[in-house]
Amino acid sequence: MSGMAVAAKRLDVSVGDLVEIDGRSYDVVSDKAGGVALEPAITVFSAELHERDGTRPLTAEEFDEQFGDVPGDGEG
Amino acid sequence: MATSGPRRPGRVPVSFDADVWSQEVERLRARGPMRAAAERAREEIAAHGMPRDALLACSADGEDGTSLARCLKVYLPLNDRPASERPCAFVFELAASGDDRVMLRLIAYGERHPAPATRSVYERAHKRLHGRYPDQ
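Residues numbered from 1 in each chain as written. Chains lettered and ligands numbered in written order. Predicted model: local features only at pLDDT ≥ 70, side-chain atom pairs only at ≥ 80, totals over all residues.

So, the overall build of chain B
A tally of regular secondary structure across chain B gives three helices and eight strands. For chain B, the sequential pattern of α-helices and β-strands runs β-β-β-α-α-β-β-β-β-β-α. Taking 2.2 N^0.38 as the reference for a compact globule, 136 residues should give roughly 14 Å; the C-alpha atoms of chain B span a radius of gyration of 14 Å, in line with that estimate. In terms of overall dimensions, chain B has a C-alpha envelope of 40 × 35 × 30 Å along the principal axes. By residue count, 43% of the 136 residues in chain B fall in the buried class. A sequence separation of at least 24 residues applies to 47% of the contacts in chain B between residues at least 6 apart. (Helix = DSSP H or I, 4+ residues; strand = E, 2+ residues; numbered from the N terminus. Rg over C-alpha atoms; globule rule 2.2 N^0.38 Å. Buried ≥ 20, exposed ≤ 12 C-beta atoms within 10 Å, placed from the backbone. Contact = placed C-beta atoms within 7 Å.)

Re the sheet that holds strand S1 (residues 18-21) of chain A
Residue and element names in this part refer to chain A. Taken together, the three strands give an open sheet; going across it, the order is S1-S2-S3, and neighbouring strands pair in antiparallel fashion. Two strands lie at the open edges of the sheet, namely S1 and strand S3 (36-40), each paired on one side alone. The sheet shows a mean angle of 45° between the axes of neighbouring strands, direction not considered. Sheet topology note: the strand S2 (residues 24-30)/S3 ladder contains five bridges and is antiparallel. Across the sheet, residue Ser30 finds its bridge partner in S3, namely Val36. (Pairing = 2+ DSSP bridges. Axes fitted to C-alpha atoms, helices over the stretch in contact; angles between N-to-C directions.)

What to know about unusual backbone geometry
At the junction of Leu76(B) and Pro77(B), the peptide bond is cis and its omega measures out at -5° in the coordinates. Of note, the phi angle at Lys32(A) is positive, near 65°, even though the residue is not glycine. Tracing the sequence through the fold places Lys32(A) in the loop between S2 and S3. Lys32(A) gets classed as exposed once you count the C-beta atoms within 10 Å, which come to 11.

Quick word on the interface of chain A and chain B
Contacts between the two partners involve 33 residues from chain A and, on the opposite side, 39 residues from chain B. Of all the secondary-structure elements, those providing two or more residues to the side of chain A that touches chain B are S2, S3, helix H1 (46-53), strand S4 (56-57) and helix H2 (60-67) of chain A. Each residue belonging to the side of chain A that touches chain B can be placed in one class, and the counts come to 16 nonpolar, 10 polar and seven charged. (Nonpolar A, V, L, I, M, F, W, Y, C, P; charged D, E, K, R; others polar.)

Considering the pairing of S1(A)
Residues and elements named next belong to chain A. Of the strand pairs in this sheet, S1 and S2 are connected by four bridges, and their pairing is antiparallel. Across the sheet, Ile21 pairs through a bridge with Arg24, a residue of S2. The hairpin formed by S1 and S2 contains two residues between the paired strands, and Asp22 there has a positive phi angle of roughly 55°.

Focus on the confidence of the model for chain B
In the predicted model, chain B carries a mean pLDDT of 93, and the fraction of residues at 70 or more is 93%. On the interface metric, ipTM, the complex scores 0.91, and its pTM is 0.93. (pLDDT = per-residue confidence, 0-100.)

Details of the environment of Asp31(A)
Checked against the element boundaries, Asp31(A) lands in the loop between S2 and S3. In this structure, the C-alpha to C-alpha distance between Asp31(A) and Gly72(A), residues 41 residues apart in sequence, is 28 Å.

Comments concerning helix H2 (residues 33-48) of chain B
Along an α-helix, a turn takes 3.6 residues, which lines up residues three or four apart on a common side. Residues and elements named next belong to chain B. With 16 residues, H2 ought to run about 22 Å at 1.5 Å a step, and its terminal C-alpha atoms sit 22 Å apart, in line with that. All of the buried residues in H2 are Ala37, Ala38, Ala41, Arg42 and Ile45. End-on, the buried residues of H2 take up no more than an arc of 130°, which puts them together on one face. Summarising the geometry of H2, the exposed residues directed more than 90 degrees from the buried face are Pro33, Glu43 and Ala47. (Expected span 1.5 Å × (residues − 1). Arc of directions from axis to C-beta.)

Spelled out as structure tokens, the structure:
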């Protein structure tokens, strides 16, 4: 069986770019090993959600008062 | 803004934004186990509210560079199994409405410990909060 040469599509993108492939959006991110990877895009951010919903983030004082007793596990 | 869950003592209302749900859950393969776990959890939260004692605090200064101060999380599937048997998580930001009512808003869903080239749920939450990944 003989192999066929495959021509690579050259993409002019870098980490931080937003790309669309087959109708789906992806963030170009570092693969943490010297290359890049595609990650399903995040295009709606917290500040926009607050503005849209008429909400605000809790202050540190409010958080401590209402949720300061919630334990953490140090994972993330 | 749709909030889920009855206002019961020990329960916190949860908001699931349609765009966030699309980017975090509907990106996953339909009928796959990760998507099914998220959909089941949302149904349960809608019916019963988010039990306060199921929540864990996120790290303000994570080892992976994430900064998730004042965020809470819950491991999925929602059950009483050990954390090591629940590979995914919802990460929530706390939001106060104009009348100071407090709710959880979903900001990320995904694997807690994915393959190296894939971003964890904590990194996705960091990006939604801060507009960039921790290593960018």
